Amino acid sequence: MSRLRPVLAWTALGLLLAAGVAQSATALRETDSIQPPEAKTAQQMFADAPDGVDPIVTGPVSAAFKQRQKANNCDSAVWPNVPAACYPD
């Protein structure tokens, strides 16, 4: 019986590890399908502007915001298909 203890201990550790990996994979899969609350379209955000809202910001903005605009191709976006990320928070 003393020879089986290390084998049983390693088996139990392996099962716990496998269960943890499975749980993490399930959690990641679930979060991929959930849309963030800020996933509104520009048309929804500016419902009172039927002709659209220009996403060009004329004031000072952070470098991170400029990168976000570039990543979302905001300069070539056409209303109503303007990503919400093009507008400042």
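For the structure itself, look to the data block above.
Residues numbered from 1 in each chain as written. Predicted model: local features only at pLDDT ≥ 70, side-chain atom pairs only at ≥ 80, totals over all residues. Heavy atoms only, no water.

(A) Representation of the overall build of the chain within the structure. For the chain, the count of helices and strands is three helices and zero strands. Walking the chain from its N terminus toward its C terminus, one meets helices and strands in the order α-α-α. Per-residue burial over the chain gives 11% buried out of 89 residues. Within the chain, residue pairs in contact and separated by at least 24 positions form 52% of the contacts whose partners lie at least 6 positions apart. Split by element, the accessible area of the chain, about 7,400 Å² in all, is 60% carbon and sulfur. (Helix = DSSP H or I, 4+ residues; strand = E, 2+ residues; numbered from the N terminus. Buried < 20%, exposed > 50% of the residue type's maximum accessible area, 1.4 Å probe, protein only. Contact = heavy atoms within 4.5 Å. Areas by Shrake-Rupley, 256 points an atom, 1.4 Å probe, with all protein chains shown as cover.)

(B) Just the nonpolar core, in detail. Counting five residues, the largest nonpolar core is built from Ala-42, Cys-74, Val-82, Cys-86 and Tyr-87. The residues touching Ala-42, leaving out its near neighbours within four places in the chain, are Trp-79, Val-82 and Tyr-87. (Core = buried A, V, L, I, M, F, W, Y, C linked by side-chain atoms within 4.5 Å.)

(C) Representation of the state of the cysteines within the structure. As enumerated under the stated definition, the model contains one disulfide in all. Between Cys-74 and Cys-86 runs a disulfide, and the two sulfur atoms are separated by 1.9 Å. One quick way to see it: the torsion about the S-S bond of Cys-74 and Cys-86 is about -90°, and its sign makes the bridge left-handed. One end of the pair, Cys-74, is in the segment after helix 3 (63–71); the other, Cys-86, is in the segment after helix 3, with twelve residues separating them in the sequence. By relative accessible area, Cys-86 is classed as buried at 0%. (Disulfide = S-S within 2.5 Å.)

(D) Here's a closer look at a nonpolar patch on the surface. A contiguous nonpolar surface patch, about 280 Å² in accessible area, is contributed by Leu-4, Val-7 and Leu-8. For Val-7, the position within the fold is in helix 1 (residues 4–33). (Patch = residues over 30% accessible without salt bridge, like charges linked within 9 Å, V, L, I, M, F, W, Y side chains within 5 Å. Salt bridge = Lys/Arg side-chain N within 4 Å of Asp/Glu carboxyl O.)

(E) Spatial organisation of unusual backbone geometry. If you check the backbone angles, Asn-73 has positive phi at about 55° while not being a glycine. Structurally, Asn-73 is set in the segment after helix 3. For Asn-73, a relative accessible area of 47% gives the class partly exposed.

(F) Focus on the environment of Ala-77. Within the element layout of this structure, Ala-77 appears in the segment after helix 3. Contacts of Ala-77, omitting those with residues within four sequence positions, involve Val-82 and Pro-83.

(G) Local environment of the environment of Pro-83. By the secondary structure assignment, Pro-83 is in the segment after helix 3. Sequence-wise, Pro-83 and Thr-41 are 42 residues apart; in three dimensions their C-alpha atoms are separated by 6.2 Å. Ignoring sequence-local partners within four residues, the contact set of Pro-83 consists of Asn-72 and Ala-77.

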